[in-house]
Amino acid sequence: MSRRVITFGTFDLFHIGHLNILQNAASLGDYLIVGISSDELNYHKKGFFPTVNFTDRARIIAALACVQQVFKEESLEQKAAYIQRYAADVLVMGDDWAGIFDIYSDLCEVRYFPRTPEISTTEIVNKIKER
Ligand code: CTP
């Protein structure tokens, strides 16, 4: 039986921290499913739209060898439903979320990986602005 892993994120301006967490997530199973925040969800969370639209972010993630399936995450409150819909055995998040997703441990195993230091979408945007 395959071991299905699920993770979530915006993955705007795809960078090495994103690749690292996806490869780490993939290493825990043999089928990686990635919930990618919709543009509207990102606006709701942060007050602005991602630089790269959902369609393009989803195409980039779906093209990675370590990713088997992507879907649009439309609501933060639906994590439990997504875990069940995609029959995930493991939920993976970066350790910026450490502990927060333990509420789903009755549905699946919950694992956190350390964030890659010194890179984030916000930092990339700030660096470009400073030029
Ligand atoms: N992530 C990571 N290491 C980084 C940046 C992100 O492991 N340096 C992980 C996050 O923990 C999350 C996933 O990548 O599980 C998607 O993160 P996302 O919020 O889309 O990326 P960030 O670069 O953190 O974006 P922002 O600066 O907008 O918060």
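Refer to the preceding data block for the structure.
Residues numbered from 1 in each chain as written. Predicted model: local features only at pLDDT ≥ 70, side-chain atom pairs only at ≥ 80, totals over all residues. Heavy atoms only, no water.

Draft legend 1. Structural view of the overall build of the protein. A count of helical and extended segments in the protein gives 5 helices and 5 strands. Moving toward the C terminus, one meets the helices and strands of the protein in the order β-α-β-α-α-β-α-β-β-α. For 131 residues, the compact-globule estimate of 2.2 N^0.38 gives 14 Å, and the C-alpha radius of gyration of the protein, at 14 Å, lies within 12% of that figure. Taking the principal axes of the C-alpha coordinates as reference, the protein spans close to 50 × 30 × 25 Å. The burial tally for the protein puts 40% of its 131 residues in the buried class. Restricting the contact set of the protein to residue pairs at least 6 apart, pairs at least 24 apart contribute 61%. Surface accessibility of the protein: about 7,500 Å² in total, with carbon and sulfur atoms responsible for 52%. (Helix = DSSP H or I, 4+ residues; strand = E, 2+ residues; numbered from the N terminus. Rg over C-alpha atoms; globule rule 2.2 N^0.38 Å. Buried < 20%, exposed > 50% of the residue type's maximum accessible area, 1.4 Å probe, protein only. Contact = heavy atoms within 4.5 Å. Areas by Shrake-Rupley, 256 points an atom, 1.4 Å probe, with all protein chains shown as cover.)

Draft legend 2. Spatial organisation of the packing of aromatic side chains. Scanning all chains against the criterion turns up 7 aromatic pairs. On the numbers, 4.9 Å between centres and 45° between planes, the contact of F71 with Y82 is tilted. Residue F71 is found in strand β3 (residues 69-73), and its partner Y82 is found in helix α4 (residues 79-85); the two are separated by 11 residues along the sequence. Given a relative accessible area of 6%, F71 falls into the buried group. Through a chain of ring-to-ring contacts, the aromatic side chains of F8, F71, Y82 and Y86 assemble into a single cluster. If you follow K79 out to its NZ or CZ, it ends over the ring of F8, 4.7 Å from the centre. (Phe/Tyr/Trp six-rings, centres within 6.5 Å; stacked < 30°, edge-to-face > 60°. Lys NZ or Arg CZ within 6 Å of the ring centre and 35° of its normal.)

Draft legend 3. Focus on the site of the ligand. The full set close to the ligand counts 16 residues, and H15, K46, T116, I119 and T122 are the nearest of them. A distance of 2.8 Å separates an oxygen atom of the ligand from a polar atom in the side chain of H15. Separating a nitrogen atom of the ligand from a backbone N or O atom of T116 is a distance of 2.8 Å. Most atoms of the ligand, that is more than half of them, are within 2 Å of grid points of the largest pocket. Among the secondary structure elements, those contributing two or more residues to the shell around the ligand are α1 (16-26) and α5 (121-130). Among the elements that take part in the shell around the ligand, α1 stands out by supplying 3 residues, more than any other. Tallied by class, the residues present in the shell around the ligand amount to 3 nonpolar, 10 polar and 3 charged. (Near = heavy atom within 4 Å. Polar contact = N/O pair within 3.5 Å; in protein donor to acceptor, adjacent residues only side chain to side chain. 1 Å grid on protein atoms, 1.4 Å probe; cavity = no way out; pocket = protein on both sides within 12 Å on 5 of 7 lines; lining within 4 Å. Sits in = over half its atoms within 2 Å of the grid points. Nonpolar A, V, L, I, M, F, W, Y, C, P; charged D, E, K, R; others polar.)

Draft legend 4. Structural detail: the environment of L32. Within the element layout of this structure, L32 appears in strand β2 (residues 31-37). We classify L32 as buried; its relative accessible area is 0%. C-alpha separation for the pair L32 and A88, spaced 56 residues apart in sequence, amounts to 9.0 Å. Excluding residues within four positions of it along the chain, L32 makes contact with V5, T7, L22, A25, A26, C66, V67, Q68 and Q69.

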